[in-house]
Structure formats: structure tokens, C-alpha cells
Amino acid sequence: MGKNLYVTTAIPYASGAPHIGHAIDYILADIWSRYWRQQGREVRFQVGTDEHGNKVAAKAAAENVTPQVYADKMAGLYAEFIKKLNVEYTDFIRTTDPHHMGAVQYIWQQLLPHIYKSTYEGWYCMGHEAFFTDKEVEETHGVCPDHQTPYQHVSEENYFLRCSDFTDQVREAIESKKMQIIPEFRAKEFLDLMKDGLKDVSISRPRKSLTWGVPVPGDPEQVMYVWLDALANYITVLGYPDKPGWQDYWPANVEVIGKDILRFHAGIWPPMLLGLGLPLPKVLLVHGHVNSGGVKMSKTVGNVVDPNQLIDEYGVDAFRYYFARHIPTQDDGDFTWEKFESAYNGELGNDLGNLVQRVASMVTRYQAGVIGAEAVTGEHDMSAYRAFMEQYAFDRALDEIWENVRALNQYLENVKPWEIAKAIEKNAEEKDHLEEVLAHTTGSLLQIATELQPFMPATAAEISRLFASGVVPGDAAPLFPRRYIHTPDPRAPKVPQGA
Ligand SMILES: [Zn+2]
């Protein structure tokens, strides 16, 4: 890897509120970014909002505001959400930024040799802002199952991007891992999907069908349709093509996406880049979806989990922890209140929180807060942790950290510092022994904090605050205090029968 690193996240469509799926994108990118910043790397980290299209225009009309005013509101909502997740991005791109719009028109012109005009015949769902095949429409009896609205039959003039010009190059890039799709099974899925070649895609619609978008250069009757506009954000945010410095960060080291948009990121975006003569991103990290109790989250089922509620109730680090560890980094995962509260109270409260609290209070009680012997850091082997971090298996990296947390708890159970403290009365030499034990323990905690920092920045900072200076402040508040809000507290007294 070069010195400068670049990570991107998918830009959500600015017509709905942020949900868990968006949070996963941001958290995975943030974990990666914080990990490399710890190693002294310069990391550029893009987030943003995709603000054009009919749905945004329709929502704005329903609120009786202009699309731009509506988009401004939504961009603010996402910025606030990302901040709440404690995500340290560097750039927020909006597809209504004048620089972006100008750059997209420039990109269009560069791609002209691969663009042609043709009649599009097909079925359109406005809820999706996407076209569907005859087969898909037939299977759903003409009604979009997600939006409960009939598909509209559309026959119109569109411009198309001839992605098929790049089939061989894209296949080669994926097979050779020059553009590595992680996990491997997603690469296989995509290679299978493109076995008959990449499909050309519609990149514009007539102005009468699409009013809110970037005008097609040289054809006032046509407006750009979502993908070209949205995908270009990953380079326009860096300043492409006219602002100096974008070359320092492109190609991206990793683009974080959900599995549902892999086919656009592997099938449209690389042809765009190849048409522009630009290198492809090095890694597409594809995460899965979060189900709730084994079922897809949906308003109809009523099992949608609001990320804001979780953060408000348990804190942002608990939120980041659960979705980084208990949702597999590279596959689908499941959320239930039982699993969440069990991880919160057990792993965070008990394993980690109590450990920190216990150690702080022992140093305070036995040694007046002075750690004494020099803290020994770097004792446990971090190579497995590092390997998982660098292979984008963040869930496994957290498993490694918890091995260390459990080992440290076990160590305290074995050496019993409280008994060493008692023995000092009879044998003064035990004082040095106790100091060594506590120095070893606080050193290990500091090392755990270093490993936790990309995942739980506030928790890592608190552990460092307690133990890094050599004197433990007397104000250690419990980390992750017990909380059973949605499931019964197993320690709560049982209500007697018939009471
Ligand atoms: Zn739909």
C-alpha cells in the first residue's frame, strides 16, 4: 500500500431516513480508517448523499419545497447520523454540488466513444427508481412487492453506456484480484452473473420523465439517470478532474458496499473508470444485510430497528461493537434484542467493563492510585489481530481482542492480587510482587485499548485515561452499566405467582 489511503462508502439515496444498513457501511469504513491512521497513514474517507432523481423530487413536492431544499435537509440528516456514529470521515460529497455536476458532465464527454442512443422498452418502478425485466414483472404479477405499486411500462429514448466494451478487462481484473471482491464467494457470484458479458446500461432519461438531475451535455432533452451521476462521486469528491491532488488518493484502497449494489459497483463503475483511463479500486468490500430475528427488516413486519434508538439507549460504542462483532463483516447477520442485550451486559459490561473497574479500584486501594512498576505494554501477540484487520475480517479481530480480555480476567483469578495485598502485612517483599502484577495488568489493558480503538474509540480513550499516566484517577465510572431495557433482567427478583 502507498502512503496515502482512501476508503469510500456508498452514498445513500436522499429520500429516506438513515437505517442500520447505512450504519454498517460507515462503521466498517471507519474501523478500517482508524486502524490505518493508528499506523501513521494518511487516510481520506468519503461519505455523502445521492440527491438526484424522481423520488427526491416527489418527496420535495409532497412537502411543498424545492428538491434542493429537500436535499439540503436530507444531507443534514445524514451528516448528523454519521457524527452520532463517531465516524471520522474527511469528505462529504453531495451529488448536487456544482463541482460534482460539472465533473459528471466532463466524465460523460470523456465516455462518448462508449455511449450510444437507443430506445428503452421496459418496466419501471418509481419506488426503486429502477427498471425491471419482463421476467421479474411476470413473477410479481405486475406489482412491485417492495412498493405495492404496479410497474409502469416505459418506451423512451435513452443514452446507454456500452459496458460490454469492457467485459474482458473487468473479468480479468476480478479474476486476477487487481480489483479484489471480498468475500471470494461474492466475486464468484458476480463472475457468474457476467458470464455472457457485461450488460449495457441506461444512463439517461428524457427530461419529461426525469426532471431533477444533471443535464446531458449537448442534449437538452436528456437528463442523467442515477448510476453515472452517483458512482462518479468516488472520484469527484477527490477533485477529479480539475482540482490538484486527486491522483494522490485514487485508486481507492477499499470501497465498502452492501451486497445489493455489488452488480453496479462491479459492472458499471469499472467500465466508467476504464473508459476514463483510470485504475480500478483495489478492493470492493461487500457486506451482507442485517436481519431481525431471522427475517428481513421491514415496516410491514414491524421489526425495523432504529439505530438512533440503540445509540441513545446503550451508547455509540456498544452499537459499533455489536454490529462489528456479531454481524459478520463479510456476510448477512442477525439482530435481536436478546442477542444485543446479552452482548452488552455480558461481553461489554461483565468481561470488559468490570475488568477495567476492578483493576482501577485495586490500584487505588492497594497503591493509592500509583501503578508503580513501569507499565509493560505489548505483551500479548497481536499478529492474529493484525492479520484479521488487514484481511477485512473485523468480526474475527474483535474475537481476538476478547480472547485477550478473557485471558486477563483469568490471570487475575489465578494470581489473586487481593490475597497478595493481604500478605504484605507479613512479608514486605510481597509489595513488589503486587506492583508487578498490577503493572502487568494495566499494561495489558492499555494494549487492549490500542486494539479496541478502531472499534470503540471512546472506550479505548477512557482506558488510556485511567492507566496511561501511571496514576489512576479516582473517578473511574463503570463502563457499560447493566441495562435490560427490552428483555428481562435475569438477576431481577422473580415476581411471585399470583401476586
Ligand atoms: Zn419498487
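Remember, predicted model here, so these are calculated numbers, not experimental data.

Brief notes about the overall build of the chain
Stage number 1. Counting secondary structure elements, the chain contains 19 helices and 15 strands.
Stage number 2. When its C-alpha atoms are laid out on the principal axes, the chain stretches across 95 × 65 × 40 Å.
Stage number 3. Buried residues in the chain amount to 52% of all 499 residues.
Stage number 4. The contacts of the chain with a sequence gap of at least 6 include a subset with a gap of at least 24, amounting to 77%.
Stage number 5. Working note: accessible area of the chain is about 22200 Å², and carbon and sulfur atoms make up 52% of it.
Stage number 6. Here the chain carries 47 positive and 67 negative side-chain charges, and the mean point of each set is 2 Å from the other.

Quick look at the packing of aromatic side chains
Stage number 1. Across all of its chains, the model carries 30 aromatic pairs by this definition.
Stage number 2. Here Y35 and W36 contribute two aromatic rings whose centre-to-centre distance is 5.2 Å and whose plane-to-plane angle is 85 degrees, an arrangement assigned as edge-to-face. Take Y35 and W36: they sit in the same class, and that class is buried.
Stage number 3. Put simply, the rings of Y314, F319, Y322, F323, F335, W337, F340, Y344 and F480 touch in pairs and so form one group of aromatic residues.
Stage number 4. Its end group placed over the ring of Y249, R44 keeps NZ or CZ at 5.2 Å from the ring centre.
Stage number 5. Over the face of the ring belonging to Y124 we find R205, whose NZ or CZ atom lies 4.2 Å from the ring centre.

What about the coordination of the zinc ion?
Stage number 1. Within the first shell, the zinc ion binds the protein through C125 (SG), H128 (ND1), C144 (SG) and H147 (ND1), at distances of 2.1 to 2.3 Å.
Stage number 2. Under the relative-accessibility criterion, H147 is labelled partly exposed at 31%.

Some details on the domain arrangement of the chain
Interfaces are often described in size by the accessible area the parts lose on coming together.
Stage number 1. For the chain, the assigned domains read domain 1 (4-288) and domain 2 (336-467).
Stage number 2. In this complex, domain 1 contributes 15 residues to the contact, which on the side of domain 2 involves 11 residues.
Stage number 3. Of the roughly 1200 Å² buried at the junction of domain 1 and domain 2 (both faces included), carbon and sulfur atoms supply 64%.
Stage number 4. For the pair domain 1 and domain 2, the number of links is 0 salt bridges.
Stage number 5. Of all the elements in the fold, those that place two or more residues in the side of domain 1 that touches domain 2 are α1 (20-38) and β12 (283-287).
Stage number 6. Sorting elements by how many residues they give to the side of domain 1 that touches domain 2 places α1 first, with 8 residues.
Stage number 7. Looking at the side of domain 1 that touches domain 2 residue by residue, the classes come out as 9 nonpolar, 4 polar and 2 charged.

A short note on the nonpolar core
Stage number 1. Of all hydrophobic cores here, the largest spans 94 residues; its most connected members are F323, L452, F455 and F467.
Stage number 2. The residues that make up this core include at least three from each of domain 1 (4-288) and domain 2 (336-467).
Stage number 3. Excluding residues within four positions of it along the chain, F467 makes contact with V356, V359, A360, I371, T442, L445, L446 and V472.
Stage number 4. Ranked by size, the runner-up nonpolar core spans 56 residues in total, among them L161, W227, I235 and L276.

Points about the side chain of Q46
Stage number 1. Considering the arrangement of structural elements, one finds Q46 in strand β2 (residues 42-49).
Stage number 2. Residue classification places Q46 among the buried positions, given a relative accessible area of 0%.
Stage number 3. Polar side-chain contacts of Q46 include one of 2.6 Å to the side chain of N233.
Stage number 4. Residues in contact with Q46, not counting those within four places in the same chain, are Y6, V7, T8, T9, I11, D91, I93, N233, Y234 and V237.

Comments concerning the pairing of strand β6 (residues 152-161)
Stage number 1. Here strand β4 (residues 115-125) pairs with β6 via 10 bridges, running antiparallel. From the neighbouring strand, G122 faces β6, where its bridge partner is V154.
Stage number 2. Direction of pairing for β6 relative to strand β8 (residues 201-202): antiparallel, over a ladder of 2 bridges. Note on β8: the bridge partner recorded for L161 is V201.

Some points on the pattern of salt bridges
Stage number 1. Here the structure, examined in full by the defined rule, presents 29 salt bridges.
Stage number 2. Note that K73 and E63 form a salt bridge whose closest N and O atoms lie 3.0 Å from each other. Here K73, found in helix α3 (residues 67-84), pairs with E63, found in the loop between α2 (54-62) and α3; they are 10 residues apart in sequence, far enough to count as distant.
Stage number 3. Between K84 and D312 there is a salt bridge; the shortest N-O distance is 2.8 Å. Residue K84 is located in helix α3, and its partner D312 is located in helix α12 (residues 307-314); the two are separated by 228 residues in the primary sequence.
Stage number 4. By relative accessible area, which is 28% here, K84 ends up partly exposed.
Stage number 5. When salt bridges that share partners are traced, they join D30, R34, R37, E88 and R320 into one network.

Quick look at the sheet that holds β4
Stage number 1. Spatially, the 4 strands line up as an open sheet ordered β5-β4-β6-β8, and their pairing is antiparallel. Both edges of this open sheet fall to β5 (130-132) and β8, since each of them pairs with a single strand only.

Some details on the sheet that holds strand β1 (residues 4-9)
Whether parallel or antiparallel, the strands of a sheet pair through hydrogen bonds between backbone atoms.
Stage number 1. In space, the 6 strands of this open sheet follow the order β3-β2-β1-β11-β12-β7, with parallel pairing throughout. Two strands bound the open sheet, and with one partner strand each, they are β3 (91-94) and β7 (180-182). Each strand axis lies, on average, 20 degrees off the axis of its neighbour in the sheet, ignoring direction.
Stage number 2. Strands β1, β2, β11 (254-258) and β12 of the sheet are contacted by α1, whose axis makes an angle of about 165 degrees with β2.

Some remarks on helix α16 (residues 394-415)
Stage number 1. Between its first and last C-alpha, α16 extends 32 Å over 22 residues, near the 32 Å set by a 1.5 Å rise per residue.
Stage number 2. Restricting attention to buried positions, one finds in α16 the residues F394, D395, A397, L398, I401, W402, N404, V405, L408, N409 and L412.
Stage number 3. K416 sits one or two residues past α16 and shows a positive phi near 45 degrees.

Focus on the pairing of β12
Stage number 1. When you tally the buried positions in β12, you get 5 out of 5 residues, the bulk of the element.
Stage number 2. Residues V283, L285 and H287 of β12 are buried on one face, and the alternating residues L284 and V286, pointing to the opposite face, are buried as well.
Stage number 3. Strand direction decides the pairing type here: β7 and β12, joined by 3 bridges, are parallel. Residue pairing in the sheet places I182 in a bridge with L285 of β12.
Stage number 4. In terms of strand pairing, β11 meets β12 through 4 bridges, oriented parallel. If you follow V256 over to β12, its bridge partner there is L285.

Definitions and cut-offs
Residues numbered from 1 in each chain as written. Predicted model: local features only at pLDDT ≥ 70, side-chain atom pairs only at ≥ 80, totals over all residues. Heavy atoms only, no water. Helix = DSSP H or I, 4+ residues; strand = E, 2+ residues; numbered from the N terminus. Buried < 20%, exposed > 50% of the residue type's maximum accessible area, 1.4 Å probe, protein only. Contact = heavy atoms within 4.5 Å. Areas by Shrake-Rupley, 256 points an atom, 1.4 Å probe, with all protein chains shown as cover. Lys, Arg positive; Asp, Glu negative; His and termini not counted. Charge placed at Lys NZ, Arg CZ, Asp CG, Glu CD. Phe/Tyr/Trp six-rings, centres within 6.5 Å; stacked < 30°, edge-to-face > 60°. Lys NZ or Arg CZ within 6 Å of the ring centre and 35° of its normal. Donors = N, O, S within 2.8 Å, 3.2 Å for Na, K, Ca; no water. Domains from an automatic or database assignment. Buried area = accessible area lost by both parts, 1.4 Å probe. Salt bridge = Lys/Arg side-chain N within 4 Å of Asp/Glu carboxyl O. Nonpolar A, V, L, I, M, F, W, Y, C, P; charged D, E, K, R; others polar. Core = buried A, V, L, I, M, F, W, Y, C linked by side-chain atoms within 4.5 Å. Polar contact = N/O pair within 3.5 Å; in protein donor to acceptor, adjacent residues only side chain to side chain. Pairing = 2+ DSSP bridges. Axes fitted to C-alpha atoms, helices over the stretch in contact; angles between N-to-C directions. Expected span 1.5 Å × (residues − 1).

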